[in-house]
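Listed here are the chains, written in short residue letters.
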Amino acid sequence: MSIGFLRDPVTAFDLIHPSGEFSVRFMIIAMMISPLRAIFGRRRWLDWLLARRRALGVAACLYGVLHLAFYLYDMGDWGMIAEEALIFSIWTGYAALAIFVAMGVTSNNASQRAMRANWKRLQRLVYPAALLIALHWVYVDGEYMGMVVHFVPLLILETARVMLMFKRRSARRGTQAGALGL
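Residues numbered from 1 in each chain as written. Predicted model: local features only at pLDDT ≥ 70, side-chain atom pairs only at ≥ 80, totals over all residues. Heavy atoms only, no water.

### Description of the packing of helix 4 (residues 53–75) against helix 6 (residues 88–105)
Going by this rule: To get an axis, a line is fitted to the C-alpha atoms, and for a helix only the part in contact is used. The angle between two axes follows their N-to-C directions and goes from 0 to 180 degrees. Elements are defined by DSSP. Helices are runs of H or I of four residues or more, strands are runs of E of two residues or more, and each kind is numbered from the N terminus. Any angle between 65 and 115 degrees counts as roughly perpendicular, while under 35 counts as roughly parallel, over 145 as roughly antiparallel, and the rest as oblique. Definitions for this section: a left-handed crossing has its near helix turned counterclockwise from the far helix by less than a right angle. A right-handed crossing has that turn clockwise. Residue contacts follow a heavy-atom distance rule, with two residues in contact if any of their heavy atoms lie within 4.5 Å. Lys, Arg, Asp and Glu make up the charged group, whereas Ala, Val, Leu, Ile, Met, Phe, Trp, Tyr, Cys and Pro make up the nonpolar group; the residues left over, Gly among them, are polar.
At a closest axis distance of 9 Å, the pairing of helix 4 and helix 6 adopts a crossing angle of 140°. Overall, the two elements helix 4 and helix 6 adopt an arrangement that is oblique. Relative to helix 6, the crossing made by helix 4 is left-handed. The segment helix 4 lies against helix 6, with A60, C61, G64, V65, L68, Y71 and L72 engaging I90, Y94, L97, F100, V101 and G104. Of the residues belonging to the contact of helix 4 with helix 6, the class tally is eleven nonpolar, two polar and no charged.

Here you go:
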């Protein structure tokens, strides 16, 4: 992707969208692992993905940074960049990237040990980041089909995971109530 940019800097504009899409795809793949495991249980291919989830998340972050770099290079005018930063479609992207960077910088064992439970809380910010990215995509592109194609499978899996979680909780309550003779 960036080889063409190195040969011809005019192509920075052409690389903004693909770098953003790759960032989203890596994020979505990383996010799909938990619901897939909740639905299908332990499977070898899911264990393989789980072992690489951190790398997928870091790749999402790096492609997000690359996306920003292409955008900044294409804009080339810091005054215009500052003006656009206040536009909803742009600041949603900046906010999502800020979350990605915080998650990416702390995606290592030392940070996980140092932050303890706060590390997990920080990682859960991927959900608001995903919402910000979806909004960024729709408002920058002016159409929603690309965003829908990418995000609906994740939404379906997350919905199935939540439903399964409630079903299991309900079944446990029923079992507990039966054991107590209620």
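### Considerations on unusual backbone geometry
This is how it is decided: Here the term buried applies to any residue with accessible area under 20% of the maximum for its type, exposed to any over 50%, and partly exposed to those in between, with areas from a 1.4 Å probe on protein chains only.
Phi is positive for R116, which is not a glycine, with a value near 50°. Relative accessible area serves as the criterion here: at 68%, R116 is assigned to the exposed category.

### Thoughts on the packing of aromatic side chains
Rules: A pair of Phe, Tyr and Trp rings is counted when the ring centres sit within 6.5 Å of each other, with Trp represented by its six-membered ring. The angle between the planes then sorts it: under 30 degrees is stacked, over 60 is edge-to-face, the rest tilted.
If you walk through the whole model with that rule in mind, you get five aromatic pairs. With centroids separated by 5.4 Å and ring planes inclined at 90°, the aromatic side chains of F88 and W91 adopt a geometry described as edge-to-face. In this pair, F88 and W91 both sit in helix 6, three residues apart, roughly one turn of the helix. An aromatic cluster of three or more residues is present, and its members are F22, F26 and Y63.

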